[in-house]
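Listed below are the residues making up each chain.
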Amino acid sequence: MLKQEHEHSSPWALIPLVVFISIFLGAGIITKDFTFMPLNVAAIIGVVVALMMNRQETFASKVEVFARQAGHANIVLMMFIFLLAGAFSKTTEAMGGVTSIVNLGLSFIPQNFLIVGLFIICMFISISMGTSVGTVAAIAPVGFGISEAIEIPAALAMATVVGGAMFGDNLSMISDTTIAAVRTQKTQMSDKFKVNFRIVVPGAIITIIILWWLTHGYDVTQTKTYDFEWVKVIPYLLVLILAVIGINVVLVLLGGILLSSLIGLIDGSFNLGGLLKAASEGILSMQDIAMIALLIGGMIGLVEHHGGITWLLNFVKRRVKTRRGAELGIASLVSVADISTANNTISIIMAGPLAKDIAEEYDIDPRKSASLLDIFGSAFQGFIPYSPQLIAAAGVASISPVALLPYSIYPVMLAICGIIAILFNLPRLRSHR
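To keep things clear, this report deals only with the structure shown in the data block. These numbers were taken from a predicted model, which means no experiment stands behind them.

### Some remarks on the pattern of salt bridges
Per the stated rule, a full pass over the model turns up eight salt bridges. Between Lys192 and Asp374 there is a salt bridge whose closest N-O contact spans 2.7 Å. Pair noted here: Lys192 is in helix H10 (residues 189-215) and Asp374 is in helix H17 (residues 366-381), with a separation of 182 residues, a long-range link. Taking relative accessible area as the criterion, Lys192 reaches 1% and is therefore assigned buried. Classification of Asp374 as buried rests on a relative accessible area of 0%. Among the salt bridges present, the one from Lys232 reaches Glu229, with a minimum N-O distance of 3.5 Å. Given the relative accessible area of 39%, Glu229 is considered partly exposed. One salt-bridge network, held together by shared partners, links Glu229, Lys232 and Asp267.

Okay, structure coming up:
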């Protein structure tokens with residue numbers, strides 16, 4: 001539950017978060033190598049700093065807070081999705097699925113539009129699936145395969161996957177962020193979607209144009225033959241179809257793993273031992289990412305417990321003076337919360353009650369306030385280098401999450417669209433109270 005202004009708050013509680021970000025980014029800037037400081041080590045240092053603070057509380061009680069917050073349902077579910085996604089990725093790769101779907105794209109999509117097509121596919125899957133993490137986990141290996149095939153920067157392909165995933169996460173009717181935004185602002189899902197859609201679509205169109213411009217000069221030998229097998233594309237089609245139907249992402253990934261396993265065993269791509277090895281390698285490849293999510297979740301829990309998040313939210317609220325300022329305040333609330341927590345769902349839940357108070361005081365339509373919460377939570381989630389989406393995408397390509405930032409086009413466009421909507425009072429809404 002969100003703490004109110006009269007409850008404990010302290011800017012000093014933010015020190016662990018500042019230490020974590022400073023160590024990770026600072027080491028990269030100093031060494032010019034953003035892989036020099038492992039993210040898990042930086043996270044552990046941040047956790048240790050958080051545990052050492054607030055001497056008035058026993059160390060044991062702080063450890064209990066860390067464990068409780070690290071074990072939050074959202075964090076555990078995210079970790080489970082990571083592990084399933086790793087098993088799906090490696091199993092499908094071992095049976096030849098990645099090669100087939102990449103070659104399918106190379107065969108039928110003009111090379112100048114492959115990255116544009118990747119962005120649109122991720123938009124469609126994430127809006128159907130309702131999860132950016134699941135979309136990144138499922139499609140990032142395909143994006144990496146495309147980047148290798150046409151020799152574009154892997155960071156561009158991975159950032160494109162994240163951008164498309166954040167488009168759907170922001171708009172999907174079954175997304176946790178959308179549900180949280182709608183519930184905290186007491187509006188209707190369909191009404192929020194219509195307003196949100198009108199704000200962000202120009203950003204998506206501009207992103208498509210920029211992606212085409214960035215990749216249209218890459219040459220691919222047109223006479224080359226790209227071999228693929230339709231049957232090995234089916235697991236990805238299954239994931240897409242199940243997502244469109246609205247099946248839970250866990251069931252989607254389990255279905256993909258099962259189908260990939262059956263195809264690989266029947267056509268001899270691997271035997272039972274090879275299947276188990278591939279699944280195990282996939283799970284192991286995601287363990288580091290899962291542990292980072294756990295550590296950051298626990299650290300943010302301690303920061304919130306010590307009053308850091310409450311101080312940030314109230315700092316923003318006290319500076320609201322006008323209606324436009326109120327909308328900027330709502331955007332700032334959720335942005336600060338998301339930068340602090342690296343979880344847009346949690347950030348919306350945290351900022352939502354204060355945003356609702358601000359919206360009522362300054363006569364802001366709840367459809368607009370809900371849209372702003374979701375837009376700015378998703379924008380920063382797709383841009384901060386320690387978000388699960390960027391970490392997962394970068395992990396597939398074995399590069400630093402920081403390498404994706406120059407290519408994080410859609411998250412930036414999403415924020416710009418949100419700011420324009422605030423400054424020019426867009427879209428024009430009729431009273432709907």
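### Looking at the packing of aromatic side chains
Throughout the structure, instances matching the rule amount to four aromatic pairs. Here the aromatic rings of Phe20 and Tyr386 are separated by 5.5 Å at their centres, their planes lie at 75°, and the arrangement is edge-to-face. Separated by 366 residues along the polypeptide, Phe20 in helix H1 (residues 15-31) and Tyr386 in the loop between H17 and helix H18 (388-397) bring together distant segments of the chain. Here the aromatic cluster, defined as three or more aromatic residues joined through ring pairs, consists of Phe119, Phe167 and Tyr410.

Analysis parameters
Residues numbered from 1 in each chain as written. Predicted model: local features only at pLDDT ≥ 70, side-chain atom pairs only at ≥ 80, totals over all residues. Heavy atoms only, no water. Salt bridge = Lys/Arg side-chain N within 4 Å of Asp/Glu carboxyl O. Helix = DSSP H or I, 4+ residues; strand = E, 2+ residues; numbered from the N terminus. Buried < 20%, exposed > 50% of the residue type's maximum accessible area, 1.4 Å probe, protein only. Phe/Tyr/Trp six-rings, centres within 6.5 Å; stacked < 30°, edge-to-face > 60°.

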